Amino acid sequence: IWVFFIFFNIITLLTFALSAYGLQKGVDVSVYAVLVTVVVKMLLCMTVALVFILKGLVEDKWVFITNFFLLYLLYTVFEVYNLIYNLRDQKKIENR
């Protein structure tokens, strides 16, 4: 299970960095950057889960899928919360 924590930390860090880069570039780029990073993260996570299941690296598939996507949901909620927080800060700065 530690492998998944490390995996999700790395993926979340990369997607957050790309999203933050897009937010700095402007409004039009930021929307696409956030959407692309969320979709890429979802596809990458689904691919990793599928590989683990098809290779037979897990004993109980349903427990694995439940645990894996609960971690995915937790990290995604964290990422979205931080992006919204950063957008609020950016909007406050622009309104000054």
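Here, every reference points to the structure presented above.
From a predicted model like this one, the values you see are computed outputs, not experimental measurements.

Calculation rules
- Residues numbered from 1 in each chain as written.
- Predicted model: local features only at pLDDT ≥ 70, side-chain atom pairs only at ≥ 80, totals over all residues.
- Heavy atoms only, no water.
- Salt bridge = Lys/Arg side-chain N within 4 Å of Asp/Glu carboxyl O.
- Helix = DSSP H or I, 4+ residues; strand = E, 2+ residues; numbered from the N terminus.
- Buried < 20%, exposed > 50% of the residue type's maximum accessible area, 1.4 Å probe, protein only.
- Phe/Tyr/Trp six-rings, centres within 6.5 Å; stacked < 30°, edge-to-face > 60°.

(A) Highlighting the pattern of salt bridges. Overall, the coordinates contain one salt bridge when judged by the stated rule. Glu79 is the salt-bridge partner of Lys41, the closest N and O atoms lying 3.1 Å from each other. Of this pair, Lys41 sits in helix α2 (residues 27-54) while Glu79 sits in helix α3 (residues 61-95), and the two are 38 residues apart along the sequence. Among the residues examined, Lys41 registers a relative accessible area of 1% and is labelled buried. Classification of Glu79 as buried rests on a relative accessible area of 2%.

(B) Quick look at the packing of aromatic side chains. One pass over the full model with this rule turns up 11 aromatic pairs. Between Phe7 and Phe8, the ring centres sit 5.4 Å apart and the planes meet at 65°, which makes this aromatic pair edge-to-face. Each of the two residues, Phe7 as well as Phe8, counts as buried. Grouped by ring-pair contacts, the aromatic residues Phe4, Phe7, Phe8, Phe52, Phe64, Phe68, Phe69, Tyr72 and Tyr75 constitute a single cluster.

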